[in-house]
Amino acid sequence: MSGYQASEIEAKWQEAWDAAGLFRAERVEGKPKYYVLEMFPYPSGKLHIGHVRNYTMGDVIARYKLATGHNVLHPMGFDAFGMPAENAAMASGGHPKDWTYGNIDTMVEQMKPLGLSLDWSRMFATCDPEYYGQQQALFLDFLEEGLVYRKNAVVNWDPVDMTVLANEQVENGRGWRSGAVVERKELTQWFFNISSMADELLEALDGLDNWPAKVRLMQENWIGKSRGLQFDFERMDGGEPITVYTTRPDTLNGASFVGISPDHPIAKGLEGDPEVDAFLAEARKGGTTEEAIEKAEKLGYDTGIKVKHPLTGAELPVWIANFILMDYGTGAIFACPAHDQRDLDFCRKYDLPVIDTFFALDVPQPVESEAFVPPKTEKVRWVDHFAGLDMATGEEAIDATIDFMEARGLGKGVTKFRLRDWGLSRQRYWGCPIPVVHCEACGVVPEKKENLPIELPYDEGAGPIDFSVPGNPLDRHPTWRDVDCPACGNPARRETDTMDTFVDSSWYFARFTAPRAETPTDMTEADYWMNVDQYIGGVEHAILHLLYARFFARAMHICGHLPEKSKEPFDALFTQGMVTHAIFQSEDAKGRPVYHYPEEVELRDGKAFLKEGGAEVEIIPSAKMSKSKNNVVDPVTIIEQYGADTARWFVLSDSPPERDVEWTAAGAEAAHKHLSRVWNLSGRICEMEDGAQGEGDAALLKEMHKTIHDVTMGIESFGFNAAIAKLYAFTNTVSKAKAGKAALREAVMTLAKLMSPMTPHLAEDIWAHQGGEGLCSAAPWPEADEAMLVDDEVVMPIQINGKRRAEISVPKDMDKAEVEKIALKHEAVQKALDGDAPKKVIVVPGRIVNVVA
RNA sequence: GCCCGAGUGGCGGAAUGGUAGACGCAGGGGAUUCAAAAUCCCCCGAUGGCAACAUCGUGUGGGUUCGAGUCCCACCUCGGGCACCA
C-alpha cells in the first residue's frame, strides 16, 4: 500500500456518487424530507476558503440527514446580479453578463472537487431570464395586492457625475470617482410595503426558536416598535399646526424648541429665500446612511416661526435641523436638551434654553454639558410635573403623560415602528428590470404577464451597454426603452430602474423547490419541500436579507405562491464565522507597507522570514482575507496539495463554527497527517490475522458507543469542532486498542461512518477496504447503545470551601448520604475540618462534593 | 453616534452554575535510523518547591452563590450591522 492519496480517492468516489444519483432530490410523498440551504454565493470570480467552510457545514448536515433516513434537498445557485459586474466592466471593459457567467463557470468548476452532496440539476443564477422573469411575475402580483407602491425617497447624488451612488461608493462624504461632495436628493422610487407587516414580523420572531437569540434581538431592535405621543403645536401665526411624535412625552416640560426635518413640508415651503436655500443645501450634504447623518455636525436654522407649548403656553421657536429624518415619525420633534445629549449639544451651540424636568434622587444637579439620561426604569424626582408626579420612573411618567394628554384631547398615544419601507429601485443596468411602463395617458402601467420576462438588452460588442460614462445604460439605450403602452397601445417608455439585488435573494430558497417551473413556484413541490429545515450563512445578513426574505415569504403566501406554513420560511438558522488568515507585512524603502503571499514566507519559531533574502516580516494575525493584503487562501491550491477532505476537515476542526477560524498552513498540514493516520490504521486492520477475540474488545466497544453518542450530539448542535475532537480521541483509542480483528474492523468502520459527513471520500475508501456493504454515504447512521454510555464507577472531586482538594471513586448510583460519609472520612477533609463539624456539605450526585468548613 | 456579538496557556480552542485548559498546533525530551524525513512514546498555564504540594490564573473592576469561564452591574478592546456592498 502506497499511503493516503487523496486525489485518486476523491475523483473515484465522486464519480461513484454521481453514478448512483445519491444527491438527486426527488419528491417522495410520505418520506420525511430535509431541506438544507447555505446562503448562495455572489459569483465574485473565485471560490474563497470561506465558501468552503460555509458549504462544508451545510454538507455535514445534509450527509448526516441522508444517513438518518431523510429525503434531502441540498441545492446550490448564484446571487448573480449586482454592482461588481458593472465595476468590472468599468475597469476593464467587457460585458457584465459575460463576466458573471464566466465567474459562475469557474466557481462551479472549483466547487465540484469539494465533493459536496449537492443536487446540481437544480442550479440556477438569479441573472437567468427564467429566474428573473418569474421575479417580475411576483412583482406584478405584489403590485396587484398593494404590496408595492411608488413614493419619493432620498438617494446619494453625485452632482459632478450626475449619477446616483451606492453607499459603498461614497467615501468620506464624497463620490468615489468624481470626488465631489455627495448630496441627498429626492427621487420617485418603488417600495415594498414591508412596514405594513412590521407588527407581524416582530410578533413572529417569538416563534423562531431555532434561530440565534442575537439575530432575533437585532431584528426586534431594527423593527423598533415604540409607543409614544403624537400631538400638535399650534402656530402663533395661525398657520397649519406642526404635528410631532415623541417617545419621551414625559419630558414635554423641558421642551426648548421644535425641530423639523430639512425635507419637512414647512421647510420646503420656505424654499426660495436665499438664506433658507443655502442652509438646506448645506443640510443635505453628505451620504444617506444613518451613520453619516448621526456623525455629521449638527446644524440648525431658525425659521422664525413660533409655536405655542400645549401645556405651559410658552412660545417656542421652530428650527430646521439636519439630523431629523423625514422617514421616522412625523419628521418633526420637540427637543428636550436636559435629557438628550444630541439636543443638548444643539442647544448649547445655538444658545437655546435648557430646562431640567427631573433630577436624580440623591444629587439633584442641574444639567450643564452632559444630559441626564437615566434608564427609563429608574425612579427620579420630577419638577412641577403637569400630571402631578413627584417620584416616578420614566416609564410611569410616559404612561401618565399619554393618559393626561389624551384625557384633555391634546394628543394621542401612538405606536410607531422604526422599520421603513423597502426601496427596491436601483438606477443600474445589471439587475432585474422592473416590469412596468410609463405612459403619458395611462400613467404607470404594469406589463402583461405574457410579455415576461422583460429581458435586459445585451447588445454585443461596444455600443449602448457602455460603462465608461456614469449613469444607467438602460436610461440612455436608444431602443430598449421604447415600447407600446400595454393598456392603450400608444408609444410609451419602459421603466429603466432595476430591482435591488436583495429582491433576488428573497425568494431563491422557494424557487429551488421547483427551479424550472413556469410559475414562480409549484405549490405541490413547495408544499413538500418547504420550509428550509436548516439555513446557514453569515451574521452579516442577520437583519436585511433575513427580514426581506421573511417579508417575501408572507407576500408570496398572500399571492398564492407559498403555503401558509412558509410564512416563516427558515425553521432553523445558523450563522457561521469567517475564515481569516495572517497578513505578512514589511515595508519598502519609502516606509510603505508591502504585503507578502503566504507561500513567499517561511515560518520558524513563530517568526516569519522571506524565503528569498531571509528578511524577517511582521505577522499580523487573524485578518479578514482580502486580495489587496495578499492573505487570501485559494481552496484550489489546498485541494491540489492535500485533497478536499483535508480542507473540509480543517475548516471544521479548530474553531467553533459560529466564530471566525484562522487558516494556518500548520493546521492544514496537521489535518492531512491525521487523515493519513486514519487511512493507515484502516490498512493495518485489513492486514491483521482473523480469529481470536482481543482482551480489549469490550473496552473498545464501550468507547465506540460513547463516540457515536458524542459525535451525533456534536453534529446535531453544530459543535463540529467538538465532534472532531472526539473523533481524534477515538482514533487514538482504536490505534492503541488491544482488540481482535472483528472488533477493530467494526470500530474503524464506525469511525469512517462518523467521519463521513466531514471527510466523505476517505470514509468511502475505508468502508470499501473493510468490505462494507454498498456506499458508505448511503449507509445508515450508527446508533449509540444507551447501556454502553454509563460507567459503573465515577470519580468525584471533593471541594473544601469551593476549592478542589481531593477525589474519591464511588459507584455511580451511591446515594448522597453514603457519598457524604465517605467524603468526610477523607484525610484531606479531616485535616481541613481539624476536628470541627462541617458547616454544610453539598453532594451533587455523580458530579461533586463540596464541604464548607 | 446607535443596535448586536466576542474576549480562556505560546497559538486554535474544550468545559448542562460543579475537577478550568478536553482535542489539535507549536515547543521540549526520548525511541527508531549510518543520518535525515516519516512514524511512535512521554512532558508541556504561571510562580515557588528536589518532591509531595501550595499560591495565583478564563479582558478589567465590582457583585450574587456552598461553588462563577458560565449569572448580574460597570468599563476596556476587537468584530458584525446601520436600510443602494452582497
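Conventions adopted
- Residues numbered from 1 in each chain as written.
- Chains lettered and ligands numbered in written order.
- Predicted model: local features only at pLDDT ≥ 70, side-chain atom pairs only at ≥ 80, totals over all residues.
- Heavy atoms only, no water.
- Disulfide = S-S within 2.5 Å.
- Buried < 20%, exposed > 50% of the residue type's maximum accessible area, 1.4 Å probe, protein only.
- Axes fitted to C-alpha atoms, helices over the stretch in contact; angles between N-to-C directions.
- Helix = DSSP H or I, 4+ residues; strand = E, 2+ residues; numbered from the N terminus.
- Parallel < 35°, antiparallel > 145°, perpendicular 65-115°, else oblique.
- Left-handed = near helix turned anticlockwise from the far one by under 90°.
- Contact = heavy atoms within 4.5 Å.
- Nonpolar A, V, L, I, M, F, W, Y, C, P; charged D, E, K, R; others polar.
- Phe/Tyr/Trp six-rings, centres within 6.5 Å; stacked < 30°, edge-to-face > 60°.
- Lys NZ or Arg CZ within 6 Å of the ring centre and 35° of its normal.
- Arc of directions from axis to C-beta.
- Polar contact = N/O pair within 3.5 Å; in protein donor to acceptor, adjacent residues only side chain to side chain.
- Expected span 1.5 Å × (residues − 1).
- Pairing = 2+ DSSP bridges.
- Core = buried A, V, L, I, M, F, W, Y, C linked by side-chain atoms within 4.5 Å.
- Patch = residues over 30% accessible without salt bridge, like charges linked within 9 Å, V, L, I, M, F, W, Y side chains within 5 Å.
- Areas by Shrake-Rupley, 256 points an atom, 1.4 Å probe, with all protein chains shown as cover.
- Salt bridge = Lys/Arg side-chain N within 4 Å of Asp/Glu carboxyl O.
- Lys, Arg positive; Asp, Glu negative; His and termini not counted.
- Charge placed at Lys NZ, Arg CZ, Asp CG, Glu CD.

Peer 1: Run through the state of the cysteines, naming residues and quoting values.
Peer 2: Using the criterion set out here, one finds zero disulfides in the structure. Cys-488 carries a free sulfur, and the closest cysteine sulfur to it, the one in Cys-442, is 3.5 Å from it. Note on Cys-488: relative accessible area 35%, which makes it partly exposed.

Peer 1: Break down the packing of helix α20 (residues 697–716) against helix α21 (residues 720–736) for me, citing the residues and quoting the values.
Peer 2: Packing of α20 against α21 brings their axes to within 8 Å, and their N-to-C directions diverge by 165°. When the interaxial angle is binned, α20 and α21 end up roughly antiparallel. The chirality of how α20 crosses α21 is left-handed. From α20, Leu-700, Glu-703, Met-704, Thr-707, Asp-710, Val-711, Gly-714 and Ile-715 reach across to α21, where they touch Phe-720, Ala-723, Lys-726, Leu-727, Phe-730, Thr-733 and Val-734. Taken together, the residues that form the contact of α20 with α21 break down as nine nonpolar, three polar and three charged.

Peer 1: Summarise the packing of aromatic side chains; cite the residues concerned and give the values.
Peer 2: If you walk through the whole model with that rule in mind, you get 41 aromatic pairs. Between the aromatic rings of Tyr-64 and Trp-781, the centroid separation amounts to 4.9 Å while the plane-to-plane angle is 90°, which identifies the pairing as edge-to-face. On the criterion of sequence distance, the pair formed by Tyr-64 in helix α2 (residues 49–67) and Trp-781 in the loop between α23 (760–769) and β33 (793–800) is long-range, its members being 717 residues apart. Side by side, Tyr-64 and Trp-781 carry an identical accessibility label, which is buried. When the ring of Trp-319 is compared with that of Phe-346, the centres are 5.8 Å apart and the planes differ by 80°; the resulting orientation is edge-to-face. Note that Trp-319 is positioned in strand β12 (residues 315–321) and Phe-346 in helix α11 (residues 341–350), a separation of 27 residues in sequence. Owing to a relative accessible area of 8%, Trp-319 belongs among the buried residues under this scheme. The class for Phe-346 is buried, based on a relative accessible area of 0%. In this structure an aromatic cluster arises from ring pairing among Phe-40, Phe-124, Tyr-131, Trp-507, Tyr-508, Phe-509, Phe-512, Tyr-535 and Phe-570. Positioned above the aromatic ring of Trp-157, the side-chain terminus of Lys-185 is 3.7 Å from the ring centre.

Peer 1: Any details on α11? Residues and values, ideally.
Peer 2: Among all positions in α11, only Asp-343, Leu-344, Phe-346 and Cys-347 are buried. One side of α11 carries all its buried residues, which in axial view fall inside an arc of 165°. The inward-facing, buried residues of α11 contact β10 (257–260), β11 (300–308), β12 and β13 (332–335). At the N-terminal boundary of α11, the capping side chain belongs to Asp-340, with an oxygen 2.9 Å from the backbone nitrogen of Arg-342. Immediately beyond the C-terminal end of α11, within one or two residues, lies Asp-351, with a positive phi of roughly 60°.

Peer 1: Would you mind going over the environment of Trp-157 in detail, with residue names and values included?
Peer 2: When you line up the elements, Trp-157 lands in strand β3 (residues 148–158). Of the residues examined, Trp-157 reaches a relative accessible area of 13% and is grouped as buried. Put simply, Trp-157 and Arg-184 are 27 residues apart on the chain and 5.9 Å apart in space, counted from C-alpha to C-alpha. Setting aside residues up to four positions removed in sequence, Trp-157 forms contacts with Met-162, Thr-163, Val-164, Val-182, Glu-183 and Lys-185.

Peer 1: So, helix α4 (residues 96–111): which residues are in play, and what are the values?
Peer 2: Taking 1.5 Å per residue as the helical rise, α4 with its 16 residues ought to reach 22 Å, and the 22 Å between its terminal C-alpha atoms agrees with that figure. Residues of α4 that are buried: Pro-96, Thr-100, Asn-103, Ile-104, Met-107, Val-108, Gln-110 and Met-111. Looking down the long axis of α4, one finds its buried residues gathered within 160° of arc, a one-sided arrangement. Turned more than 90 degrees from where α4 packs its buried face, Asp-105 and Glu-109 sit exposed. Next to the buried residues of α4 lie α2, α3 (83–92) and α17 (635–642).

Peer 1: Which residues make up the pairing of strand β21 (residues 443–446), and what values go with them?
Peer 2: Of the pairings in the sheet, the one linking strand β20 (residues 436–439) to β21 comprises four bridges and is antiparallel in character. Directly across from Val-437, in β21, lies its bridge partner Val-445. In textbook terms, the turn of a hairpin is the stretch between consecutive antiparallel strands, and for β20 and β21 this stretch comprises three residues.

Peer 1: Talk me through the nonpolar core; I want residue IDs and the actual numbers.
Peer 2: The biggest cluster of nonpolar side chains holds 155 residues, and the ones touching the most others in it are Phe-142, Tyr-508, Phe-509 and Phe-552. Not counting residues up to four positions away in its chain, the partners in contact with Phe-509 are Tyr-35, Leu-37, Met-530, Val-532, Ala-549, Pro-569 and Phe-570. By size, the runner-up hydrophobic cluster in this structure holds 30 residues, among which are Ile-260, Ala-267, Val-318 and Ile-320.

Peer 1: How would you explain the side chain of Thr-646 if you had to name every residue and give the values?
Peer 2: Here Thr-646 shows up in helix α18 (residues 644–653). Not counting residues within four places of it along the chain, the set of residues in contact with Thr-646 comprises Ala-668, Ala-671, His-672 and Leu-675.

Peer 1: Outline unusual backbone geometry, listing residues and values.
Peer 2: A cis amide bond links Leu-452 to the next residue, Pro-453, at an omega of -5°. Mapped onto the fold, Pro-453 is located in the loop between β21 and β22 (482–484). Here the amide bond leading from Met-530 into Asn-531 is cis, since omega sits at 5°, within 30 degrees of zero. In this fold, Asn-531 is placed in the loop between α15 (523–529) and β25 (534–538).

Peer 1: Pulling in residues and values, what's your account of the environment of Cys-485?
Peer 2: Within the fold, Cys-485 resides in the loop between β22 and β23 (491–494). Linking Cys-485 and Asn-193, residues 292 residues apart in sequence, is a C-alpha distance of 26 Å. Among residues more than four places away in sequence, those in contact with Cys-485 are Val-437, Cys-439, Cys-442, Val-445, Asn-490 and Ala-492.

Peer 1: Outline the sheet that holds strand β36 (residues 848–852), listing residues and values.
Peer 2: If you walk across this open sheet you meet the four strands as β34-β33-β36-β35, and the pairing is mixed. Both outer strands of the open sheet, β34 (803–811) and β35 (840–844), are each paired with one neighbouring strand and no more. The mean angle between the axes of side-by-side strands here comes to 20°, regardless of whether they run parallel or antiparallel. Where β33 meets β34, eight bridges bridge the pair, whose relative direction is antiparallel. Bridge pairing in β34 places Val-794 opposite Val-810.

Peer 1: Tell me about a negative patch on the surface, and please be specific about residues and values.
Peer 2: Taken together, the side chains of Glu-203, Asp-206, Asp-209 and Glu-220 define an acidic patch exposed on the protein surface. With respect to the helices and strands, Asp-209 occurs in the loop between α6 (198–203) and α7 (213–223). Exposure remark for Asp-209: the relative accessible area of 59% places this residue in the exposed category.

Peer 1: Quick rundown of the sheet that holds strand β4 (residues 163–165)? Include the residues and the values.
Peer 2: In space, the four strands of this open sheet follow the order β4-β3-β7-β18, with antiparallel pairing throughout. Of all the strands in the sheet, the pair left with one neighbour each is β4 and β18 (422–423). Sheet topology note: the strand β7 (residues 183–192)/β18 ladder contains two bridges and is antiparallel. Counted as the bridge partner of Phe-192 is Trp-422 from β18.

Peer 1: Outline the pairing of β11, supporting the account with residue identities and numerical values.
Peer 2: Across two bridges, the pairing between strand β8 (residues 225–235) and β11 is antiparallel. Counted as the bridge partner of Glu-234 is Lys-308 from β11. Sheet analysis places β11 next to β12, joined by six bridges and oriented antiparallel. From the neighbouring strand, Lys-308 faces β12, where its bridge partner is Glu-315. Hairpin geometry of β11 and β12 is characterised by an intervening segment of six residues between the two adjacent antiparallel strands and by a positive phi of about 80° at Gly-313.

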